[in-house]
Amino acid sequence: MEATIARELEARKATDFLPINGTDHIELYVGNAKQAAYFYKAAFGFHNVAYAGPETGVRDRVSYVVQQGKIRLVLTTPLNSNSLISEHIRKHGDGVKILALWVDDATKSFQETTKRGGKSYLEPKTLEDKDGKVVVSGIYTYGETVHLFVERKDYRGAFMPGFEAMSSDFQPSDTGLLYIDHCVGNVGWNRMNETVKWYEDVMGFANILSFDDKQINTEYSALMSKVMSNGNGYVKFPINEPAEGKKKSQIEEYLDFYEGEGVQHIAVATHDIIKTVRELKARGVEFLSAPPNAYYEELLSRVGKIDEDMKPLQELGILVDRDEEGYLLQIFTKPVEDRPTLFFEIIQRKGAKSFGAGNFKALFESIEREQAKRGNL
Ligand code: FE2
């Protein structure tokens, strides 16, 4: 399977009409960006990079850019009720508005995607200040979520024109988070195939892995998942759709509470998951409950030999899965806001390029325990 993926990616490189260098940033619209920035700093170990607001000439909003490794989050809050940002928060609660992609040519990215059916969010626009220029453009993807194309080869500033560099006396140490591994979107009933086709046609992505509801199910609920990857494999967007089960799918619960389609989780990579998760827990990040003891009793027979000791993995509730190329370790936080919507995944890859299909059952049973507590199962 993996050899097929490699061949497929190789073939696509030659004809890639949307070359992407990686994730540029993720922007969340939140009710109180000042407090959200504190949360991501104190709990996750991000540090301040830049700020935009009335002090920098931006009148209608405030944005904090926080970073750890290559992961850059922009936390934006509106300054009045009469704004599209306020509308977004009223409807969806705190959530991801923008998945920004780093490209060499934001104008061409816009032209190539809109001519293939992408819906315009922002026509190519050049932003300039004393540190150079950035070209941005954007199209809508699922729900009200946006892919922004960011061209920054002629820019030397902290983030973007309109922002000023920001530092702070409050600087917790980092927790070992390195880069964004993948970002998952939840789409509505019967919307999977349409969304997959959209990523293929408009973005030139390929469907590299698929799981149906026979593979991802528990006693109560089910979902379907397809992984979309760009040409060079730097950007991966798995897509989930709910499936019929005895009870309500976790994807359906998300759609109800987010009031539409949107980003379900952001997976961030670490080179030492045990150390990272210990730190995050000590700082108050809440994780889904650990799977039952049986999961760890059967673990070695399922995944074979691993470098890590079983004891800390079990103590922290870290999950392990293997594919043809190696194994991976992963764990999922509880939602990071009161609506059961966006959460984070911490992932350490040791060769494996897949997404932990062997853990889906254990993971979903854990999510269902939380769902039941909320009365939504
Ligand atoms: Fe994931």
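Residues numbered from 1 in each chain as written. Predicted model: local features only at pLDDT ≥ 70, side-chain atom pairs only at ≥ 80, totals over all residues. Heavy atoms only, no water.

### Description of the overall build of the chain
Helix and strand content of the chain: 11 helices and 17 strands. Taking 21 Å as the expected radius of gyration for a compact globule of 377 residues, we find that the chain reaches 20 Å, a close match to that expectation. Projected onto its principal axes, the C-alpha coordinates of the chain cover approximately 60 × 50 × 40 Å. Looking at the 377 residues of the chain, the share that counts as buried comes to 56%. Sequence-distant contacts in the chain: of pairs separated by 6 or more residues, those separated by 24 or more amount to 68%. Roughly 16,400 Å² of accessible area belongs to the chain as shown, and the carbon and sulfur atoms make up 49% of that amount. (Helix = DSSP H or I, 4+ residues; strand = E, 2+ residues; numbered from the N terminus. Rg over C-alpha atoms; globule rule 2.2 N^0.38 Å. Buried < 20%, exposed > 50% of the residue type's maximum accessible area, 1.4 Å probe, protein only. Contact = heavy atoms within 4.5 Å. Areas by Shrake-Rupley, 256 points an atom, 1.4 Å probe, with all protein chains shown as cover.)

### Points about the coordination of the iron ion
Note on the iron ion: its protein donors are His-182 (NE2), His-265 (NE2) and Glu-345 (OE). The metal-donor distances range over 2.0 to 2.2 Å. Taken in chain order, the donor set of the iron ion reads H-x82-H-x79-E. Residue His-265 is located in strand E14 (residues 262-270), and its partner Glu-345 is located in strand E17 (residues 343-350); the two are separated by 80 residues in the primary sequence. Residue classification places His-265 among the buried residues on the basis of a relative accessible area of 8%. For Glu-345, a relative accessible area of 2% translates into the label buried. (Donors = N, O, S within 2.8 Å, 3.2 Å for Na, K, Ca; no water.)

### Points about helix H6 (residues 250-258)
For H6, the complete set of buried residues consists of Gln-250, Ile-251, Glu-253, Tyr-254, Leu-255 and Tyr-258. Backbone nitrogen of Ile-251 and a side-chain oxygen of the N-cap are separated by 3.1 Å at the start of H6; the cap is Ser-249. (Polar contact = N/O pair within 3.5 Å; in protein donor to acceptor, adjacent residues only side chain to side chain.)

### Notes on the environment of Asn-21
Position of Asn-21 relative to the elements: it lies in the loop between helix H1 (2-14) and strand E1 (22-29). The partly exposed category is assigned to Asn-21, whose relative accessible area is 26%. Along the primary structure Asn-21 and Tyr-38 are separated by 17 residues, whereas in three dimensions their C-alpha atoms are 29 Å apart. Each residue touching Asn-21, except ones within four places of it in the same chain, is listed here: Trp-102, Val-103, Asp-104 and Tyr-234. For Asn-21, the side chain forms a polar contact with the side chain of Asp-104, separated by 3.1 Å.

### A short note on the sheet that holds strand E8 (residues 146-151)
Read from one edge of the open sheet, nine strands run E6-E7-E8-E5-E1-E4-E3-E2-E9, paired in mixed fashion. Of all strands in the sheet, those with a lone pairing partner are strand E6 (119-129) and strand E9 (164-165), marking the two edges. Pairing between E1 and strand E4 (residues 71-78): four bridges, direction parallel. Across the sheet, residue Leu-28 finds its bridge partner in E4, namely Leu-75. (Pairing = 2+ DSSP bridges.)

### A word on the side chain of Glu-337
Mapped onto the secondary structure, Glu-337 falls in the loop between strand E16 (326-332) and E17. Comment: no salt bridge for buried Glu-337; closest opposite-charge side chain is Arg-339, at 8.6 Å. At 3.2 Å, the side chain of Glu-337 forms a polar contact with the side chain of Thr-341. Reaching out from Glu-337, the side chain makes a polar contact with the backbone nitrogen of Leu-342 at a distance of 3.0 Å. Those residues in contact with Glu-337 that lie beyond four places of it in its chain are Asp-94 and Leu-342. (Lys, Arg positive; Asp, Glu negative; His and termini not counted. Salt bridge = Lys/Arg side-chain N within 4 Å of Asp/Glu carboxyl O.)

### A short note on the environment of Pro-124
For Pro-124, the location among the structural elements is in strand E6. Pro-124 sits in the partly exposed class, given a relative accessible area of 32%.

### Looking at unusual backbone geometry
Despite not being glycine, Asn-190 has its phi angle at roughly 60°, a positive value. Among the structural elements, Asn-190 can be located in the loop between strand E10 (177-186) and helix H5 (192-203). Residue classification places Asn-190 among the exposed positions, given a relative accessible area of 67%. Of note in this structure, Glu-259 is not a glycine but carries a positive phi near 55°. You can see Glu-259 is positioned in the loop between H6 and E14.

### Topic: the environment of Tyr-199
By the secondary structure assignment, Tyr-199 is in helix H5. Spatially, the C-alpha atom of Tyr-199 lies 23 Å from that of Phe-344, the residues being 145 residues apart in sequence. Non-local contacts of Tyr-199, meaning those with residues more than four positions away in its chain, are made with Thr-141, Tyr-142, His-147, Gly-204, Phe-205, Met-228, Phe-237 and Ile-239. Among the polar contacts listed, one links the side chain of Tyr-199 to the side chain of Thr-141, at a separation of 2.9 Å.

### Side note on the pattern of salt bridges
Inspection of the entire model under this criterion finds 21 salt bridges. Here Glu-112 and Lys-115 are joined by a salt bridge, their closest N and O atoms 3.3 Å apart. For Glu-112, a relative accessible area of 14% puts it in the buried group. Linked by salt bridges that have partners in common, Asp-24, Arg-72 and Arg-152 make up one network.

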